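Topology and contacts: notes
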Amino acid sequence: MRASFETYRKVAKACSAYEPMSETKISNSCCDTKDISCTNCKHFDEDKYCVLDLYDKIVENHGIQ
Ligand code: SF4
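Heads up: these notes are all about the structure in this document. Source: prediction; values computed, not measured. (Residues numbered from 1 in each chain as written. Predicted model: local features only at pLDDT ≥ 70, side-chain atom pairs only at ≥ 80, totals over all residues. Heavy atoms only, no water.)

**Considering the overall build of the chain**
Put simply, the rule reads: Helix numbering and strand numbering both begin at the N terminus, where a helix is a DSSP run of H or I of at least 4 residues and a strand a DSSP run of E of at least 2. Three exposure classes are used, based on accessible area relative to the maximum for each residue type with a 1.4 Å probe and protein chains only: buried under 20%, partly exposed in between, and exposed over 50%. Contact between two residues is taken to exist if any of their heavy atoms lie within 4.5 Å; hydrogens are not considered. Where accessible areas are quoted, they stem from the Shrake-Rupley method and a 1.4 Å probe; at the residue level, only the protein chains shown are allowed to cover.
For the chain, the count of helices and strands is 2 helices and 0 strands. In the chain, buried positions account for 29% of the 65 residues. Of all intrachain contacts in the chain linking residues separated by at least 6 positions in sequence, the fraction that spans at least 24 positions is 56%. If you sum the accessible surface of the chain, you get close to 4700 Å²; carbon and sulfur atoms cover 50% of it.

**With respect to the site of the ligand**
Note the following rule: We define proximity as follows: a residue is near a molecule or strand when any one of its heavy atoms falls within 4 Å of that partner. The classification used treats Ala, Val, Leu, Ile, Met, Phe, Trp, Tyr, Cys and Pro as nonpolar, Asp, Glu, Lys and Arg as charged, and all other residues, Gly among them, as polar.
Around the ligand, the structure places Val11, Ala12, Cys15, Ala17, Tyr18, Cys38, Cys41, His43, Phe44, Cys50, Leu54 and Tyr55. Of the residues assigned to the shell around the ligand, the class counts are 11 nonpolar, 1 polar and no charged.

**As for the pattern of salt bridges**
As a reminder of what qualifies: Salt-bridge detection follows one rule: a side-chain nitrogen of Lys or Arg within 4 Å of a carboxyl oxygen of Asp or Glu.
Tallied over the full model, the rule gives 2 salt bridges. Linking Arg9 and Glu6 is a salt bridge whose minimum nitrogen-to-oxygen distance equals 3.7 Å. Residue Arg9 and its partner Glu6 are located together in helix H1 (residues 5-14), separated by 3 residues, close to a single helical turn.

**A short note on unusual backbone geometry**
Even without glycine at this site, Lys48 takes up a positive phi of about 60°. Within the secondary structure layout, Lys48 lies in the loop between H1 and helix H2 (55-62). Residue Lys48 is classed as partly exposed on the basis of its relative accessible area, which comes to 46%. Of note, the phi angle at Asp53 is positive, near 60°, even though the residue is not glycine. Here Asp53 lies in the loop between H1 and H2.

Purely spatial values, then, with no claim about function.
Written out as structure tokens, the structure reads:
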């Protein structure tokens, strides 16, 4: 999967299954919406792949580049 950081952010914002990784709770979790990104999501694996297989669907449904 090839994608820019901006794409990961757009997808995560559109994703209902986004769950921030526990590390991100170190920062103030009430106000970290700017850090929403697949790269911060629990469901994103080491191979930069969404284990729930939602990424491609969201890209398609939302016309995200
Ligand atoms: S990694 Fe998957 S579940 Fe997580 S925000 Fe991205 S598309 Fe959604």
